[in-house]
Amino acid sequence: MKLPAKLKTDWTWEEWQVSRARRRAVAAKIGPPVVRRRESSSDSKLRNAFGGERGPRFD
């Protein structure tokens, strides 16, 4: 019986960036690149945390 692969749970920032780029490329094939609500009940907290914006930029 083959054991399942061990799930990686410890990432460096560089490894995470590479994996995120791969996930973003796959997601871009099936939907718009940015999906964000226009407003929510947490707007005041979000805007305080992100300099007047509702979240970080997705560039």
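### As for the overall build of the protein chain
Consideration 1: When its secondary structure is counted, the protein chain shows two helices and zero strands.
Consideration 2: The C-alpha atoms of the protein chain give 17 Å as radius of gyration, which overshoots the globular expectation for 59 residues (10 Å, by more than 25%).
Consideration 3: With respect to the three principal axes, the spread of C-alpha positions in the protein chain is 50 × 25 × 25 Å.
Consideration 4: For the protein chain, the accessible surface area stands at approximately 6000 Å², while carbon and sulfur atoms represent 57% of it.

### Quick look at the pattern of salt bridges
Consideration 1: Going through the model one piece at a time under the given rule, you end up with three salt bridges.
Consideration 2: Note that Arg47 and Asp43 form a salt bridge whose closest N and O atoms lie 4.0 Å from each other. Placement of the pair is Arg47 and Asp43 together in helix 2 (residues 43–49), with a separation of four residues, close to one helical turn.
Consideration 3: Here Arg47 falls in the partly exposed class, since its relative accessible area comes to 33%.

### Section: a nonpolar patch on the surface
Consideration 1: A grouping of Trp11, Trp13 and Trp16 is seen on the molecular surface, where their side chains present a nonpolar patch of about 380 Å² in accessible area.
Consideration 2: Along the chain, Trp11 falls in the segment before helix 1 (13–28).
Consideration 3: The class of Trp11 is partly exposed, set by a relative accessible area of 42%.

### What about the packing of aromatic side chains?
Consideration 1: Using the criterion set out here, one finds one aromatic pair in the structure.
Consideration 2: Ring centres of Trp13 and Trp16 lie 5.3 Å apart, and the angle between their planes is 15 degrees; this geometry places the pair in the stacked category. Here the residue Trp13 and the residue Trp16 both occupy positions in helix 1, the gap between them amounting to three residues, near one helical turn.
Consideration 3: When the ring centre of Trp11 is taken as origin, the NZ or CZ atom of Lys8, which lies over that ring, is 5.2 Å away.

Cut-off values and rules
Residues numbered from 1 in each chain as written. Predicted model: local features only at pLDDT ≥ 70, side-chain atom pairs only at ≥ 80, totals over all residues. Heavy atoms only, no water. Helix = DSSP H or I, 4+ residues; strand = E, 2+ residues; numbered from the N terminus. Rg over C-alpha atoms; globule rule 2.2 N^0.38 Å. Areas by Shrake-Rupley, 256 points an atom, 1.4 Å probe, with all protein chains shown as cover. Salt bridge = Lys/Arg side-chain N within 4 Å of Asp/Glu carboxyl O. Buried < 20%, exposed > 50% of the residue type's maximum accessible area, 1.4 Å probe, protein only. Patch = residues over 30% accessible without salt bridge, like charges linked within 9 Å, V, L, I, M, F, W, Y side chains within 5 Å. Phe/Tyr/Trp six-rings, centres within 6.5 Å; stacked < 30°, edge-to-face > 60°. Lys NZ or Arg CZ within 6 Å of the ring centre and 35° of its normal.

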